[in-house]
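Descriptive analysis of the structure
Chain by chain, the residues run as shown.
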Amino acid sequence: MATGSRHPAEAVSIDHAHWRPSANPWAIAISVMTATFMVVLDSSVANVALPHIAGSLSASTDEATWVLTSYLVSNAIMLPATGWISRRIGRKRLLTLSIILFTGASMLCGMAINMPMLIVARILQGLGGGGMQPLAQSILLESFPPVEHGKAMAVYGTGIVVAPVIGPTLGGWITDSYSWRWIFYINLPVGLLALFLAGIFIEDPPYLRTKFEGKVDALGFGLMALWLGTLQLVLDKGQEADWFESDWIRWTMAVSCAAFVTFVARELRHREPIVQLHIFLSRDFAVGTLIAGLYGVVLYSTTALLPLFLQTLLGYSALDSGLAVSPRGLGSMASMVIAGMIANRVDSRLLLAFGFFVLGASTLMLSHVNLGIGMGSVVIPNILNGFAGGFIFVPLTTLTMSRLRKQEVGNAAGIYNLIRNIGGSIGIASATAFLVRMGQVHQNYLGANLAPSDALLAAAARGLAGHMAVSGSDPVAAQHKALGAVYQMMQQQSSLMAYVDNFRLLGYLSLFCIPFVLLFRRPKRGAPAEPGVHAGE
């Protein structure tokens, strides 16, 4: 049947499905990933600089943590709104404005003279950077033909997965060698380059060039901002406030739940919703988003726990712990290339199951750590952990987005990235809380076996006291120091066991994701995406 005999709306949809940008897809990939890599790197690079920031701006460590919280809150609010804003002003214009806002805010961060100025600048940074990830993902999926979506997501995944790994190492080196302000100033030349490339190579698809006539859903946007802002605040500050033992945590969580329920109810009824929730009718998208959230839990928790273990129990410096963790990025880059090359030849579900198996096995390897391990015992599981990332990220993204229409990809990318980031926040918060709680549990068990009548304890205390007496301590002080040393060893072992419990649970969670892969529909060989398929199918 000729296109001219079709219904006009159907013909327009087909034009959109077969549209391709005029620029080379790889030039577009370099353009969007330059900006995205900068943003994702900045989300983790500031972590190691917090003590330096606090000292420089005469703030406490608790006050300095708002540098991270403020960024995460504003970033979370922007993620799901990206698709809606793109429909109103165009994707290229939004990308350009985001780069300008992020780069300008980075300059303000570096120039900050006090903590309030830095926090405001970080909020602006989060608003500018929040839209970059879904914008990059949707632009890449539309720029590359369906048979090359695996390669497109390999490029995207390299930036998203590798940047957080090298961020702490780079941040520690810049802070130690120069100043914490340069972790923000370094964004200026990169931002200008990204702005130049976006202006040359990025263009809007046809469906974003028509004027959007819908009204602004201000109430819906406000409810979304309230829900995400309060949720991120609870996840980021919950451990400091002792979770639900704190009144303000309980009230904030109640407000978040109420705002979420009201937001969902409004979006389902509004003609022009901020977030188009109907795409969850697509089984592949719903399953993929769930798995992405679980993957975020494992990925971000492991990335947060391992440097903490190396620094607190093994005495590594921030730079050394970063160097021990960084090989994870090498594994990720290698697997992204391999997964991108074979994504169109091998069933994506098999690649995804393999990735989660390797992720679970390598995380369980970390559950065998002890206080006498060398760097190699950390590097090898880390490389395998990173290697699993490519076989998870590439097929998971392509399977999740494969049956959506192009007009739905921008909105879907915002939701997908939001759920992964929320999963990461929940993972870090849960792992931190579990670390403290299980450390206390293990200390109680170990302490119950350290009775004064225990012969081994008495012998160890006498041996330590004798060593300290030889070093110059008087007998009474030597005895006290010996008991203190025993207590310190008990605390170290308790903490070690808590880390082991955490890594073991994360390994089991990775393996738990494998059965969910079976819920994806079989991808079409040689055509991972079928243009024009509706979300409800």
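Since this is a predicted model, take the numbers as computed values, not measurements.

1. Let's talk about the overall build of the protein
- Along the protein, the regular secondary structure elements total 21 helices and 0 strands.
- Counting only residues that meet the buried cut, the protein has 53% of its 537 residues in that class.
- Working note: accessible area of the protein is about 22900 Å², and carbon and sulfur atoms make up 67% of it.

2. Overview of the side chain of glutamine 133
- In this fold, glutamine 133 is placed in helix 8 (residues 132–143).
- Using a relative accessible area of 7% as the deciding quantity, one classes glutamine 133 as buried.

3. A word on the environment of methionine 490
- In this fold, methionine 490 is placed in helix 21 (residues 475–512).
- Linking methionine 490 and leucine 446, residues 44 residues apart in sequence, is a C-alpha distance of 7.0 Å.
- The residues touching methionine 490, leaving out its near neighbours within four places in the chain, are Gln443, Leu446, Gly447 and Leu450.

4. Quick notes on the packing of helix 14 (residues 283–312) against helix 17 (residues 348–366)
- Where helix 14 meets helix 17, the axes come as close as 12 Å, and the angle between the chain directions of the two elements is 30°. In terms of axis orientation, helix 14 runs roughly parallel to helix 17. For helix 14 against helix 17, the interelement crossing comes out left-handed. Here helix 14 contributes Ile291, Tyr295, Val298, Thr302 and Leu306 to the contact with helix 17, which in turn contributes Phe356, Leu359, Thr363 and Leu366.
- Here the residues of the contact of helix 14 with helix 17 are counted per class, giving 7 nonpolar, 2 polar and no charged.

5. Observations concerning the confidence of the model for the protein
- Residues at a pLDDT of 70 or more form 85% of the protein, whose mean pLDDT is 81.
- Between the elements of the protein, mean pLDDT differs from a low of 46, seen in helix 1 (residues 8–17), to a high of 92, seen in helix 17.
- Contacts for the low-pLDDT stretch residues 1–15, under 50 throughout, to residues beyond four places or in other chains number 4 contacts.
- Predicted confidence for residues 526–537 stays below pLDDT 50, and this span has 33 contacts to residues more than four positions away or in other chains.

Quick notes on the rules
Residues numbered from 1 in each chain as written. Predicted model: local features only at pLDDT ≥ 70, side-chain atom pairs only at ≥ 80, totals over all residues. Heavy atoms only, no water. Helix = DSSP H or I, 4+ residues; strand = E, 2+ residues; numbered from the N terminus. Buried < 20%, exposed > 50% of the residue type's maximum accessible area, 1.4 Å probe, protein only. Areas by Shrake-Rupley, 256 points an atom, 1.4 Å probe, with all protein chains shown as cover. Contact = heavy atoms within 4.5 Å. Axes fitted to C-alpha atoms, helices over the stretch in contact; angles between N-to-C directions. Parallel < 35°, antiparallel > 145°, perpendicular 65-115°, else oblique. Left-handed = near helix turned anticlockwise from the far one by under 90°. Nonpolar A, V, L, I, M, F, W, Y, C, P; charged D, E, K, R; others polar. pLDDT = per-residue confidence, 0-100.

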